[in-house]
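# Structure assessment
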Number of protein chains: 2
Amino acid sequence: MNKLKTLQDFMKKHDLSALLIPRTDEFQGEYIASYSQRLAWLTGFTGSAGFAVVAKDKAAFFTDGRYVLQAKNEVPNVYEQYNISQKNPSQWVLENLAAHEKIGYDPWLFTEDQLKKYDRPLVPLTPNPIDHLWIDRPAPPQDSIRLHPLEYAGEDDQSKRRRIAASLKADQLLLTTCDSIAWLLNIRGNDVPHTPVVHSICLLRRDGSYDLFVDPRKANDAILHHLQKTGGQLIDISQVLPHLQKMEGFCQIDPQTTPMILLQTLEQAGVKIVRERDPCLYPKALKNAVELKGAREAHIQDGIALCRFFEWLHKQPLEGETTERLAAKKLLEFRKEGYLFQDLSFGTISGFGAHGAIIHYHATPESDIPLKRDGLYLLDSGGQYLTGTTDVTRTIALGTPTPEQKDRYTRVLKGHIALAKAIFPEGTTGAQLDSLARQFLWKVGCDYDHGTGHGVGSYLSVHEGPQGISKWASDVPLKPGMILSNEPGYYKEGEYGIRIENLVTVIELPELPGFYGFETLTLAPLDLKLIEDRLLTDGERAWVEKYHERIRETLTQHSDRHPIPGGVG
Amino acid sequence: MNKLKTLQDFMKKHDLSALLIPRTDEFQGEYIASYSQRLAWLTGFTGSAGFAVVAKDKAAFFTDGRYVLQAKNEVPNVYEQYNISQKNPSQWVLENLAAHEKIGYDPWLFTEDQLKKYDRPLVPLTPNPIDHLWIDRPAPPQDSIRLHPLEYAGEDDQSKRRRIAASLKADQLLLTTCDSIAWLLNIRGNDVPHTPVVHSICLLRRDGSYDLFVDPRKANDAILHHLQKTGGQLIDISQVLPHLQKMEGFCQIDPQTTPMILLQTLEQAGVKIVRERDPCLYPKALKNAVELKGAREAHIQDGIALCRFFEWLHKQPLEGETTERLAAKKLLEFRKEGYLFQDLSFGTISGFGAHGAIIHYHATPESDIPLKRDGLYLLDSGGQYLTGTTDVTRTIALGTPTPEQKDRYTRVLKGHIALAKAIFPEGTTGAQLDSLARQFLWKVGCDYDHGTGHGVGSYLSVHEGPQGISKWASDVPLKPGMILSNEPGYYKEGEYGIRIENLVTVIELPELPGFYGFETLTLAPLDLKLIEDRLLTDGERAWVEKYHERIRETLTQHSDRHPIPGGVG
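A brief structural summary. Here the structure is a predicted model, which is why all the values come from computation and not from measurement.

About the cut-offs
Residues numbered from 1 in each chain as written. Chains lettered and ligands numbered in written order. Predicted model: local features only at pLDDT ≥ 70, side-chain atom pairs only at ≥ 80, totals over all residues. Heavy atoms only, no water. Contact = heavy atoms within 4.5 Å. Salt bridge = Lys/Arg side-chain N within 4 Å of Asp/Glu carboxyl O. Polar contact = N/O pair within 3.5 Å; in protein donor to acceptor, adjacent residues only side chain to side chain. Helix = DSSP H or I, 4+ residues; strand = E, 2+ residues; numbered from the N terminus. Axes fitted to C-alpha atoms, helices over the stretch in contact; angles between N-to-C directions. Parallel < 35°, antiparallel > 145°, perpendicular 65-115°, else oblique. Nonpolar A, V, L, I, M, F, W, Y, C, P; charged D, E, K, R; others polar. Phe/Tyr/Trp six-rings, centres within 6.5 Å; stacked < 30°, edge-to-face > 60°. Lys NZ or Arg CZ within 6 Å of the ring centre and 35° of its normal. Pairing = 2+ DSSP bridges.

### Here's the deal with the interface of chain A and chain B
Across the boundary between the two partners, chain A contributes 24 residues, which contact 24 residues of chain B. Between chain A and chain B we count zero salt bridges in total. The interface formed by chain A and chain B contains four residue pairs in polar contact (both at pLDDT 80 or more). For the side of chain A that touches chain B, the elements supplying multiple residues, two or more each, are β21 (424–425) and α17 (430–442) of chain A. Among the elements that make up the side of chain A that touches chain B, the one with the highest residue count is α17 of chain A (eight residues).

Rendered as structure tokens:
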């Protein structure tokens, strides 16, 4: 079957001049289930960021800098291919379609904000035309919902719902992002890889009662009992539209994440729409004491796994058998020894030599290369533990590093330490701190093309808003309890990549009222062989020593073996 | 005459429930001429930021934290007084007026943006009702317009007009901010204190031709000849409204600065309005090579004046005769010896002891106190030179500083040096660099409640956009040729104030393509007595030594006397 041709026939029949095919699913999350891989089905593209536009006699494919090369290999030539920073789908549409030509889109997969840029008549299509053609389409996931117990969540869902309900600017709130629902209701699931969420929609009313729209096969007795006890009603997610059609009054939605079809259904029902950012974002970001205690426990298990991995790596002959993929697999085995461990929090980035310079490198059977004693090895990985989410990057010199590699590594480390030690007043945003991590690289004309830090969830998304440490995070003050990554890096294309990433949490400083600092959560040794000692100040040297001492003491207490931090080379 | 009562009678007659009295004039600039001091006439308030609302049976006065105490002394009790950060005029109006009650305002003194918040019927009043009542109102200034010669401007006005005209999003541009017009047409004047601008309005057309609306008595033959030669037409500013009534097509305006009356006149004439930020802002901020050379010359003259002042201060017995005002007067005398000097660029801040902690302190005959050998002296001042504008702050220990004062001064200095030495990539904003200047104060729980840097004009406004170094400057990348202040500080209320301010310009770094740094323009010694040497790194110590060496060499070459930098205590 020529998939593209079949779609174009469908368009002709429906008088459409173009079809928009995004990669996202109806929940706008980072990870999608296999039944939502429509873009991969159509184009063959397996990366995590892509978009296709099918027109009457042509088609175009868009991805970002990370995936341009991969797209060239995977996506058929019949698609014009674009780096989305140079041309995006709406620009392409405006250039290739006349003003009257109609565009079809799946209203489950687009938000109001995403559609604003297409200045053409838009025709919502349900069901998605691809779903008719995709014969062997996988079924949606059906794993059971799990309650996230109070001993890990630290606040029961009634209390959370009361807080959020009190903050509403309307009678009711329609929530469609799975991690906000997971946080709000203290539930977890397995519906997508790496993020333990349940595909669901939640309607919260001002009195704290709520409807949970979900596949009823996912709800076991414990869940049903819990819902009953807490004012919740389970409704089959396939019935969400008829349900919304009967609503009235005012309803709050987030225009950045709510599927167009839900918004349109509400508007057609006469419901007044109140547009606000997701009210769970800030409360979810501010971890409570139990979540922070859980994060520390998760990081102990993660640190032990990494130390065991480094010990193992140190013993490998590295003569061709140990590849990037094998190393990642071995690390996963060590992580699985942690009794709280559930899953990786993202696909491990295990990149040797020049692969380390590819910021989101994913080793495939085709790209996989052996680790050798003549280059840098960059390892960015993380785990989902019942009590918290981890994300850590270490760069290891497998042979003798060059003076340039040591210089760059030490500048990255100096920036990492400057941020780790930063003290800043209440109200400071991540944008204001970003340069602290870059300043030593800047001095020699170097930089890195990514943010310095992202928010991290509590046994939830490894990338979580609203906080961040980057020049784009200028309107979110950092507050105690937020967890962020601290991950400066340096990448020399075709040669090597360096990144040092720890998770930190914002803490109050009792001795300096009104000022905050960071506590580093990650417990994984640095490769001392890569440090150019004369570039460190006394204070930086002391930080490294104290950090390794803390790792040694903490992990030794919790492990029957004795990891030797620093002895990784 | 009871001014308030008379205004309230006027309101009654015109069925108005309130009148808005801002301090600003029709050009929305920082300084206003005496004929525009309506707020001072009505309320007695002499500060630079205030706003009155007169209602039927009450009145309110609003100012910011700097002037709350001064307003209490100057403004009659009949006005309710508010700190504008706690309650602003529009909030007061909404609380005190019913929905149908009408508000009168002078449409010359308000922009569209400023009026948006008043959710009441608004009645434009021309002429301003105060102008009827103000018997001895000064006449508007009539000083001649001066051409700003190419040898100082570095680019002729035809070239500037061509560039701006080419960037327009409409057939014509209505410019109403005097410093943009002064820059665009290479003209200067004396219409307000401290900023050498001409009260004027400019209509620029896409072909580069233009109408200059100005009081014709200000135009001498040289100006008239120049206008004629360059496609300009002088029109009496009193005729601007009839002129706009005849316009058609599209007209670009800046909604943040254009008086409401001009906007309304254009709209009534059927002109289509294109709202954009003032297109001169960015080009004006990017100084050309001639302006930068001129800035360096201005700073040499300014540095010589400051050195002579410090020498003089050093010789004073400081036993009660030398007061804050006398010192400021003496500094002005030294500045006047510079042949390029025209005026101060703002009212000198000469604050001894606790007065130094008042960020915008202005010594009045009532507040003036003698300098003594037992405290810190903060001196923030600047000059308007034909070739450039200066702004410099030095803090001087007149006696033996306390250990705390030395600690705080040294932390301010370390921040100043960190910013002065910063290297950063193209695209970096001032918001990203702000924390470099604060980090050492933050470490001990200290901070300062103002931005770290503001833009500075070229023989124009001492405060100029769009660039800045503060958390509010997050969308303006720093570019070569911009001039900014670098002025971290520390203020201990009731005790002392510290600020170290130099002007810097953004420069390219030939050895690091794609990266920028700063060149410090200001040439004035620091008080070495205030430096706690053990807090400095070797690099910081070397920066201070090199800076003083540069001052000594540069100024000695240009001065017949021999200032001794550093010998100020």
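Following the structure, the description resumes.
### With respect to the packing of helix α8 (residues 157–167) of chain A against helix α9 (residues 178–185) of chain A
Residues and elements named next belong to chain A. Running from amino to carboxyl end, α8 crosses α9 at an angle of 120°, the nearest separation of the two axes being 7 Å. Here α9 runs oblique to α8, going by the angle between their axes. Along the contact surface, α8 presents D157, K160, R161, R163 and I164, while α9 presents W183, L184 and L185. Looking at the contact of α8 with α9, its residues break down into four nonpolar, no polar and four charged.

### What about the packing of aromatic side chains?
Across all of its chains, the model carries 26 aromatic pairs over all chains by this definition. Following the ring pairs from residue to residue traces out a cluster consisting of F45, F61 and Y67 of chain A. Here the guanidinium or amino end of K414 of chain A rests over the ring plane of F440 of chain A, the centre of that ring lying 4.9 Å away. The ring of Y490 of chain B carries the charged tip of R408 of chain B above its face, separated from the ring centre by 5.6 Å.

### Examining the sheet that holds strand β3 (residues 59–63) of chain A
Hydrogen bonds between backbone atoms are what pair the strands of a sheet, whose relative direction is either parallel or antiparallel. Residues and elements named next belong to chain A. With mixed pairing, six strands are arranged side by side in an open sheet as β4-β3-β2-β1-β5-β6. This sheet does not close on itself; its edge strands, each paired only once, are β4 (79–83) and β6 (122–124). Geometrically, the sheet is characterised by an average inter-axis angle of 25° between neighbouring strands, direction not taken into account. Relative to β3, strand β2 (residues 50–55) is paired through five bridges, and the arrangement is antiparallel.

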